[in-house]
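Take a look at the letters that make up each chain.
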Amino acid sequence: MSTQQKIGLVVEGGGMKCAYNAAILDLFLDEGITFNYCIGVSAGSGNLVSYLAGQRGRNLRFFTEHIHDPEYFGLKSLLKTGDLFGIQHIYGDLTRADGKDPLDFPAFLANPTEYEAVVTNALTGKPEYFGKDAMKQDDYRLIMASSAIPVACHPVELNGVPYFDGGLTDAIPVRRALERGCDKLVVILSKNRDYVKKPQGMRHLYRWGCRKYPNIVAALDRRHTVYNANFQDVFALELAGKAFVLAPSHPFRVSTYSMKEADEQALYDMGMEDFRNQKARLKAFLSGE
């Protein structure tokens, strides 16, 4: 990595689609690829923490092993916590120091790379950004908040303010990374390059489910427009030579809520293949050649 430039890593969210970026982050560890700044959204923010802690393979276990826990997703989680996605189980029970798959929080904290996660303020409907100082050992509410999909999850409070999923308002935070002084970016997407987001479905459901938060309803109404403009920003930066984009090279069956181990493994394997196919070009980009 060039010492003359600040290079950032931007990792999109996408729930179970993030098995793709889990593979690439593991190979970054294998190759010793580091960044000055990293920002993640939703499940991407959680995957980044494992990467920065140096825990190769940990993210994959959350897509292929822990998905079999009844509390991970579905009725048991819903009855226990009111959340369809068990974010308290994933980033709490499993991730704590005494959990089944603990995060090496001291290693994450000691990593000199600057880290941010995106959340959406439930009251204003605007994106906000928090760093390592918002996290403590066994207190990973920042990642929970960044991953709290409206209707599927309750908002998560930080400093007494409720927050939802950061992907609602800043799904691919390249502008934030540039504002933080990055000269060049590596961007890992969760969707194919030809993806176009459609208007949010089940409007009656989210209007009812988020009725306490009218600005979240408004954000959901315009989400497709905001996302598609954001998506094109990424490719404009790529065209200008300021971004290197890694995106799934083949169509895939995995949805945000997919719980099929074989499909998750296949998506992870695609991430491995895509990285290897582009490794030489990526290293040239990082070194400024």
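Here is a short report on the structure shown in this document. (Residues numbered from 1 in each chain as written. Predicted model: local features only at pLDDT ≥ 70, side-chain atom pairs only at ≥ 80, totals over all residues. Heavy atoms only, no water.)

Focus: the overall build of the protein
Of regular secondary structure, the protein possesses twelve helices and eight strands. A compact globule built from 289 residues would reach a C-alpha radius of gyration of about 19 Å, and the protein, at 18 Å, matches this within 12%. Burial statistics for the protein: of 289 residues in total, 56% are counted as buried. Taking contacts inside the protein between residues at least 6 apart in sequence as the whole, the part at least 24 apart equals 73%. (Helix = DSSP H or I, 4+ residues; strand = E, 2+ residues; numbered from the N terminus. Rg over C-alpha atoms; globule rule 2.2 N^0.38 Å. Buried < 20%, exposed > 50% of the residue type's maximum accessible area, 1.4 Å probe, protein only. Contact = heavy atoms within 4.5 Å.)

A short note on the packing of helix α1 (residues 19–31) against helix α2 (residues 43–52)
It is at 10 Å that the axes of α1 and α2 come closest, and there the two elements cross at 20 degrees. Put simply, α1 runs roughly parallel to α2. Relative to α2, the crossing made by α1 is right-handed. Along the contact surface, α1 presents Asn 21, Ala 22, Leu 25, Phe 28 and Leu 29, while α2 presents Gly 44, Asn 47, Leu 48 and Tyr 51. Its residues assigned to classes, the contact of α1 with α2 shows six nonpolar, three polar and no charged. (Axes fitted to C-alpha atoms, helices over the stretch in contact; angles between N-to-C directions. Parallel < 35°, antiparallel > 145°, perpendicular 65-115°, else oblique. Left-handed = near helix turned anticlockwise from the far one by under 90°. Nonpolar A, V, L, I, M, F, W, Y, C, P; charged D, E, K, R; others polar.)

Focus on helix α11 (residues 223–239)
Given 3.6 residues per turn, any residue in an α-helix points the same way as the ones three and four places further on. Taking 1.5 Å of rise per residue, 17 residues should cover 24 Å, and α11 covers 25 Å from first to last C-alpha, within 8% of that figure. Residues of α11 that are buried include every one of His 224, Tyr 227, Asn 228, Asn 230, Phe 231, Val 234, Phe 235 and Leu 237, and no others. Following α11 by one or two positions, Gly 241 adopts a phi angle in the positive range, close to 80 degrees. (Expected span 1.5 Å × (residues − 1).)

What to know about unusual backbone geometry
Unusually for a residue other than glycine, Ser 42 sits at a positive phi of about 55 degrees. Within the secondary structure, Ser 42 sits in the loop between β2 (37–41) and α2. With a phi close to 65 degrees, Asp 138 is a non-glycine residue in the positive phi region. Within the secondary structure, Asp 138 sits in the loop between β4 (127–131) and α7 (141–146).

Considering the pairing of β2
On a regular strand, one side chain projects to one face of the sheet and the next to the other, so that they alternate. Along β2, five of the five residues are buried, which leaves the element largely enclosed by surrounding structure. The two faces of β2 match: Tyr 37, Ile 39 and Val 41 on one face and Cys 38 and Gly 40 on the other face are all buried. Judged from the four bridges that link them, strand β1 (residues 7–11) and β2 form a sheet pairing that is parallel. Bridging from a neighbouring strand, Leu 9 pairs with Cys 38 of β2. (Pairing = 2+ DSSP bridges.)

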